[in-house]
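The residues making up each chain are set out below.
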Amino acid sequence: MSIETDEPAGRTRVKICCIASEAEAAMAAGAGADLLGLVGPMPSGPGILALEDVARIVASAPPWAQPVLLTEGTTAAAVARDAAEAGVSAVQVVRHLAVEEAEALAALPLLYVQVVHIEDASALDLAAVYGPHCDAFLLDSGRPAEGVLGGTGRVHDWALSARFVEIAAKPVFLAGGLTPQNVGEAIATVRPFGLDLCTGVRGDGAPGAAHRPLCPARLGAFMRAVATADAR
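The structure presented is a predicted model; accordingly, all values stated were derived computationally and were not measured.

Q: Just checking my understanding: could you explain the overall build of the chain for this structure?
A: The helix and strand inventory of the chain stands at 8 helices and 8 strands. Looking at the chain as a whole, 53% of its 232 residues qualify as buried. Once local pairs closer than 6 in sequence are excluded, the contacts in the chain between residues at least 24 apart make up 55%. In the form shown here, the chain has an accessible surface area of approximately 9600 Å², with 55% of it arising from carbon and sulfur atoms.

Q: Please clarify how the sheet that holds strand 4 (residues 90-93) should be interpreted in this entry.
A: As a general point, the strands of a sheet are linked pairwise by backbone hydrogen bonds and lie either parallel or antiparallel. Read around the barrel, 8 strands follow the order 1-2-3-4-5-6-7-8 and close on themselves; strand pairing throughout is parallel. With direction set aside, neighbouring strand axes in the sheet form an average angle of 25 degrees.

Q: What exactly am I supposed to notice about the side chain of Asp 196 here?
A: Looking at the element boundaries, Asp 196 is found in strand 8 (residues 194-197). For Asp 196, a relative accessible area of 5% corresponds to the buried category. Here the side chain of Asp 196 touches Lys 15 through a polar contact of 2.4 Å, side chain to side chain. Each residue touching Asp 196, except ones within four places of it in the same chain, is listed here: Lys 15, Cys 17, Gln 92, Leu 138, Leu 174, Ala 175, Gly 176 and Leu 178.

Q: What is the right way to read empty space enclosed by the protein from this model?
A: Over the atoms a probe the size of a water molecule is rolled, and this reveals where empty space is left. This structure, assessed with the given rule, holds 2 cavities of 30 Å³ or more. Estimated volume of the second largest cavity: approximately 30 Å³. Taken together, Lys 15, Leu 35, Val 68, Gln 92, Val 113, Leu 138 and Phe 173 form the lining of the second largest cavity. Tallied by class, the residues present in the lining of the second largest cavity amount to 5 nonpolar, 1 polar and 1 charged.

Q: Just to check I follow, could you spell out the nonpolar core for this structure?
A: Side chains of nonpolar character tend, in soluble globular proteins, to be buried together. Ile 16, Ile 19, Phe 164 and Phe 222 are the most contacted members of the largest nonpolar core, which has 60 residues in total. A total of 6 residues in this core trace back to one element, the largest contributor, which is helix 8 (residues 216-231). In contact with Phe 164, not counting residues within four places along its chain, are Val 116, Ala 123, Leu 124, Leu 126, Ala 127, Phe 137, Leu 139 and Val 172. Counting residues in each nonpolar core, the second largest holds 18 residues, with Val 39, Met 42, Val 94 and Val 113 among its members.

Q: Explain the state of the cysteines to me, please; I cannot follow it from the model alone.
A: Cysteine pairs can be linked by a disulfide, which is a covalent bond between their two sulfur atoms. Under the criterion given, the structure shown has 1 disulfide. With no disulfide of its own, Cys 17 lies closest to Cys 18 among cysteine sulfurs, the gap being 4.4 Å.

Q: Help me understand unusual backbone geometry in this model?
A: Residue Cys 18 is not a glycine yet carries a positive backbone phi of 65 degrees. Residue Cys 18 is classed as buried on the basis of its relative accessible area, which comes to 3%. Look at Arg 191: it is not a glycine, yet its phi comes out positive at around 55 degrees. Here Arg 191 shows up in the loop between helix 7 (183-190) and strand 8.

Q: Just to check I follow, could you spell out the pairing of strand 2 (residues 35-39) for this structure?
A: When a strand is regular, its side chains alternate between the sheet's two faces. The buried fraction of strand 2 amounts to 5 of the 5 residues, a majority that puts the element mostly inside the structure. Both faces of strand 2 are covered, namely the face carrying Leu 35, Gly 37 and Val 39 and the face carrying Leu 36 and Leu 38. Here strand 1 (residues 13-16) pairs with strand 2 via 2 bridges, running parallel. Bridging across to strand 2, Ile 16 finds its partner in Leu 36. In this region the chain leaves strand 1, passes through helix 1 (residues 22-30) and returns to the parallel neighbour strand 2; the handedness of that crossover is right-handed.

Q: So what exactly am I meant to see when it comes to the environment of Arg 163 here?
A: With respect to the helices, strands and loops of the structure, Arg 163 is situated in helix 6 (residues 158-167). Given a relative accessible area of 41%, Arg 163 falls into the partly exposed group. When the C-alpha atoms of Arg 163 and Arg 191 are compared, they prove to be 10.0 Å apart, with 28 residues separating the residues in sequence.

How each quantity is defined
- Just so you know, the residues in each chain are numbered from 1, in the order the chain's sequence is written.
- Only residues with pLDDT of 70 or above have their local features reported here, since the model is predicted, and side-chain atom pairs are shown and tallied only from 80 upward, although totals for entire chains, interfaces and linings are computed over all residues.
- As a rule here, side-chain values cover all heavy atoms of the structure and leave hydrogens and water aside.
- Only DSSP runs of H or I reaching four residues or more are called helices, and only runs of E reaching two or more are called strands; each is numbered from the N terminus.
- Burial classes follow relative accessibility: with a 1.4 Å probe on protein chains only, a residue under 20% of its type's maximum area counts as buried, one over 50% as exposed, and anything between as partly exposed.
- When checking whether two residues touch, look at their non-hydrogen atoms; a contact exists if any pair is within 4.5 Å.
- For the area figures, the Shrake-Rupley method with a 1.4 Å probe applies, and any residue is considered shielded solely by the protein chains shown.
- Strand pairing requires that DSSP identify at least two bridges connecting the strands.
- To get an axis, fit a line to the C-alpha atoms, keeping to the stretch in contact for a helix; angles then go from 0 to 180 degrees between the N-to-C directions.
- Counted as a polar contact is a pair of N or O atoms within 3.5 Å, where, for protein atoms, one must be capable of donating a hydrogen and the other of accepting one, and residues adjacent in sequence contribute only when both atoms are in side chains.
- Here a cavity denotes grid points, spaced 1 Å and computed from the protein atoms alone, that fit a 1.4 Å probe unable to get out, and a pocket denotes an open set having protein on both sides within 12 Å along at least 5 of 7 lines; residues with an atom within 4 Å of a point are the lining.
- Grid points are joined across faces, edges and corners, and a volume is the space filled by probe spheres set on the points.
- Each residue gets one label: Ala, Val, Leu, Ile, Met, Phe, Trp, Tyr, Cys and Pro are nonpolar, Asp, Glu, Lys and Arg are charged, and the others, such as Gly, are polar.
- To form a nonpolar core, buried Ala, Val, Leu, Ile, Met, Phe, Trp, Tyr and Cys residues must be joined to one another through side-chain atoms within 4.5 Å.
- We call a pair of cysteine sulfur atoms a disulfide when they lie within 2.5 Å.
- Handedness rule for crossovers: strands pointing away from the viewer, path from the first strand over the helix to the second running clockwise, crossover right-handed.

Below, the structure written as structure tokens:
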């Protein structure tokens with residue numbers, strides 16, 4: 001399987017992550033999202049769902065928006081089990097896998113997006129490590145050693161991300177702290193194939209809430225900002 005790259009050149013794809021309900025899936029797809037991120041069991045982060053809840057949302061997703069399961073599985077077998085239980089054909093692996101597991105995962109009938117956490121310049125080495133195996137990369141701002149695997153709302157070093165895009169042999173999604181206000185700069189600086197965001201299009205929510213609802217106004221503003229940046 002592969003990420004579709006035959007659409008008009010210059011259109012930045014958008015993945016809305018932390019989808020928590022059928023209503024949020026419909027809202028994101030209706031706004032023009034290409035992919036829907038559903039967060040499986042994780043040690044931390046927003047929008048975490050049981051796999052049976054992911055499966056329910058996946059079954060309701062509009063056909064033009066690809067559901068993607070976020071999994072912290074560290075073996076191809078574990079990722080495949082999660083995907084089967086969730087009813088998805090695409091996975092986003094949020095930990096840096098051992099190379100042999102990435103190779104085994106590539107042999108399965110799954111679209112495989114490998115997350116690379118941009119903590120420092122050593123992350124650039126992973127373009128060559130995973131490039132032969134994954135279908136796409138996603139650059140995020142997590143800190144795996146601390147159990148932080150995404151949903152930080154934190155921008156990382158876009159200069160490193162731009163360099164990663166230059167050297168990677170596969171499509172690259174940019175994540176981490178994207179908002180309607182900074183996405184134009186992000187596209188101009190990094191030139192990613194796609195964007196991924198969670199917190200930047202959500203409402204304020206109640207204090208201490210584990211999950212904030214998708215905000216139609218912020219979602220619409222983000223999609224308009226992407227279209228404006230693409231038209232430049």
